[in-house]
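Summary of the model geometry
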Amino acid sequence: MIYENVLETLGDTPIVRLRKLLPEPQDRICVKLEGTNPSGSIKDRAALHMVEEAERHGRLTPGSTLVESTSGNLGKSLALIGAVKGYRVILVVDPKTPQSVLSYATSFGAELDMVDRPDGNGSYQVARIRRVEELLAQNPEARSLDQYNNPDNPQAHALHTAPEIAKDFDDLAALVGTVSTGGHLSGLSSALREHFPSLHVRAVDAVGSATFGHPFAPYMMRGIGLSWRPGNLRTDLIDSLHRVADTEALSTCRVLAREEGLLLGESGGAAVFAALAYATAHPGRPVLAIAPDTGANYLYESYDDAWLAEHGVPVDVLWHTSHDLLRHARTPLYPPAAQPSDPQGTERMIEGARA
Ligand SMILES: Cc1ncc(COP(=O)(O)O)c(C=O)c1O
């Protein structure tokens, strides 16, 4: 197949069944590998759809400037899209952004604007958004896609990702996916419930994230969680919440690489850990975990023992065998909750983020 440009290679990502890392031999746990998208993550889908809808409505025209806050993957997607379509791209990043992501973006000609002061709670997310607002005020011609509230973000998944899943499963008991903007889980949940009316949708958040109303505390995983609740998160389309700790996700990443030959990003590790926990309670039911990106993004960081130790996670606190990992998945550190908790607390966080 010959494509007209690299963006046309987006989507149709593979779904791979776990063979060894299973609580019971009859379990059916699959992982959708979004790291095979052209810039290496699920964000290519949302980014391209948001850009194309903005073009269709005349909000972006050839030569426009895009300004965006990103912890990594959206920036890579926009840098690639900017190169193919001819947009100037300015990415507001922070010191947690992996060097590999920064180098990837600049290779495509994107410009970086580094926020160096964290918010009061130790996160950089609110600081990045404020910086985007400043840059937009300084450049009236520039545009932001606002992935946190833009309905074209979840729509990309309802229109394109969900049909890929629906065609591969006769029956699907549970969809397990991580949340940052809420884009992929909200979009998938809305569309897949039509195909699988009894589908259970389990959201996965980072312990430390405030998305579901818990107090914010810094954590290591990238791409997952926020210090406020995004507009694109549809809690009414979520049945349960599993808050996964850094050690649980990082251990899962390492065991998956050695046992299954799957090199996933940290949030993919969190999603698979939550899928294992779901499967232990629902043996034999088909479960799909979404792995948003590839571990190639983190080879010199969370896959590197020395880097991990320097960042407060000595490798001996992780579990290294399927046996140990599955034992922990049966009794996770933070047991899944039936409902996303404390909606009033969530509202308070939103107000805090806006203040
Ligand atoms: C690595 C990673 N994991 C999880 C997510 C969460 O995806 P969403 O923003 O669709 O909630 C993202 C989003 O950028 C990501 O890059």
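Reading guide: rules and limits
Residues numbered from 1 in each chain as written. Predicted model: local features only at pLDDT ≥ 70, side-chain atom pairs only at ≥ 80, totals over all residues. Heavy atoms only, no water. UniProt positions renumbered as here; feature names shortened; annotations may be inferred. Buried < 20%, exposed > 50% of the residue type's maximum accessible area, 1.4 Å probe, protein only. Helix = DSSP H or I, 4+ residues; strand = E, 2+ residues; numbered from the N terminus. Pairing = 2+ DSSP bridges. Right-handed = clockwise from strand over helix to strand, strands pointing away. Domains from an automatic or database assignment. Contact = heavy atoms within 4.5 Å. Buried area = accessible area lost by both parts, 1.4 Å probe. Salt bridge = Lys/Arg side-chain N within 4 Å of Asp/Glu carboxyl O. Polar contact = N/O pair within 3.5 Å; in protein donor to acceptor, adjacent residues only side chain to side chain. Axes fitted to C-alpha atoms, helices over the stretch in contact; angles between N-to-C directions. Patch = residues over 30% accessible without salt bridge, like charges linked within 9 Å, V, L, I, M, F, W, Y side chains within 5 Å. Areas by Shrake-Rupley, 256 points an atom, 1.4 Å probe, with all protein chains shown as cover. Near = heavy atom within 4 Å. Core = buried A, V, L, I, M, F, W, Y, C linked by side-chain atoms within 4.5 Å.

An unreviewed UniProt entry lists the protein chain under the name Pyridoxal-phosphate dependent protein, from Streptomyces shenzhenensis. Per its UniProt entry, the protein chain bears the Cofactor (unreviewed entry) comment "pyridoxal 5'-phosphate".

1. With respect to the pairing of strand β4 (residues 88-93)
Side-chain direction in a regular strand flips from residue to residue, so the side chains alternate between the two faces of the sheet. Burial within β4 is extensive, with five of its six residues counted as buried. Relative to β4, strand β3 (residues 65-69) runs parallel, the two sharing five bridges. Within β4, the residue paired with Val67 across the bridge is Ile90. Regarding topology, helix α2 (residues 73-85) serves as the crossover connection from β3 to the parallel β4, and that connection is right-handed. Across four bridges, the pairing between β4 and strand β5 (residues 111-114) is parallel. Bridge pairing in β5 places Leu91 opposite Leu112.

2. Thoughts on the domain arrangement of the protein chain
The parts lose accessible area when they come together, and the size of an interface is often stated as this lost area. Per the domain assignment, the segments making up the protein chain are domain 1 (6-36 + 160-337) and domain 2 (43-138). Computed from C-alpha atoms alone, the centre-to-centre distance between domain 1 and domain 2 is 24 Å. Each partner contributes residues to the interface: domain 1 has 27 residues there, and domain 2 has 23 residues. Summed over both partners, the interface of domain 1 with domain 2 comes to about 1,800 Å²; 55% of that surface belongs to carbon and sulfur atoms. Looking at the side of domain 1 facing domain 2, the largest losses of area belong to Leu7, Leu10 and Asn297, adding up to 32% of the total buried there. For the pair domain 1 and domain 2, the number of links is two salt bridges. Here Arg45 makes a salt bridge to Glu34, at a shortest N to O gap of 2.7 Å. Counting across the interface, domain 1 meets domain 2 through nine residue pairs in polar contact (both at pLDDT 80 or more). Counting residues per element, the side of domain 1 that touches domain 2 draws most heavily on helix α5 (residues 152-168), at three residues.

3. Quick look at the side chain of Glu53
Tracing the backbone through its elements, the reader meets Glu53 in helix α1 (residues 43-56). Discounting chain neighbours no more than four positions away, the residues touching Glu53 are Arg59 and Asp152.

4. Quick notes on the sheet that holds strand β8 (residues 240-244)
Strand order in the open sheet made by the six strands is β1-β2-β9-β6-β7-β8, with mixed pairing throughout. Every interior strand has two partners, whereas the edge strands, β1 (15-17) and β8, have only one. On average, each strand axis in the sheet is tilted by 25° relative to the strand beside it, whichever way the strands run. Here three bridges tie strand β6 (residues 174-178) to strand β9 (residues 286-291), and the two strands are oriented parallel to one another. Directly across from Ala174, in β9, lies its bridge partner Val287.

5. Some points on the sheet that holds β3
Spatial ordering of the open sheet is given by β3-β4-β5, a layout of three strands whose pairing is parallel. Lying at the two open borders of the sheet, with one neighbouring strand each, are β3 and β5. Strand after strand, the sheet turns through a mean of 20° between neighbouring axes, direction not considered. Contacts from helix α3 (residues 99-107) reach β4 and β5 within the one sheet, and its direction differs from that of β5 by about 140°.

6. Here we look at a nonpolar patch on the surface
A cluster of nonpolar side chains, contributed by Leu263, Leu299 and Tyr300, occupies part of the molecular surface with about 320 Å² of accessible area. Among the secondary structure elements, Tyr300 is positioned in the loop between β9 and α9 (305-310).

7. So, the site of the ligand
Within the structure, the ligand sits among 15 residues, and Lys43, Asn73, Ser180, Thr181 and Ser267 are positioned closest to it. One of the backbone nitrogen or oxygen atoms of Ser180 is found 2.7 Å away from an oxygen atom of the ligand. Separating a nitrogen atom of the ligand from a side-chain N or O atom of Ser267 is a distance of 2.6 Å. The protein chains hide 96% of the 380 Å² of surface that the ligand would expose on its own.

8. Overview of the nonpolar core
In terms of nonpolar packing, the biggest core is built from 38 residues, with Leu18, Leu21, Leu264, Val272 and Leu276 touching the most fellow members. Every element with two or more residues in this core is listed here: β2 (28-33), β6, β7 (200-206), α7 (246-260), α8 (266-281), β9 and α10 (322-330). Considering each element in turn, this core owes the most residues, nine residues, to α8. Beyond its immediate sequence surroundings of up to four residues, Leu276 is in contact with Leu18, Leu21, Pro23, Ile29, Leu325, Leu326 and Ala329.

9. What about the UniProt feature "domain: Tryptophan synthase beta chain-like PALP" (unreviewed entry) in the protein chain?
Taking the numbering used here, the UniProt-annotated feature "domain: Tryptophan synthase beta chain-like PALP" (unreviewed entry) corresponds to residues 8-293. Annotated as 39% helix and 16% strand, the span residues 8-293 places its first and last C-alpha atoms 18 Å apart.

10. So, the pattern of salt bridges
Think of it this way: side chains of opposite charge can pair up when their charged atoms draw near. Counted by the stated rule, this structure contains 18 salt bridges. Linking Glu55 and Lys85 is a salt bridge whose minimum nitrogen-to-oxygen distance equals 3.2 Å. On the criterion of sequence distance, the pair formed by Glu55 in helix α1 and Lys85 in helix α2 is long-range, its members being 30 residues apart. Lys85 gets classed as partly exposed once you look at its relative accessible area, which sits at 27%. As a salt-bridge pair, Arg131 and Asp113 come within 2.9 Å of each other at their nearest N and O atoms.

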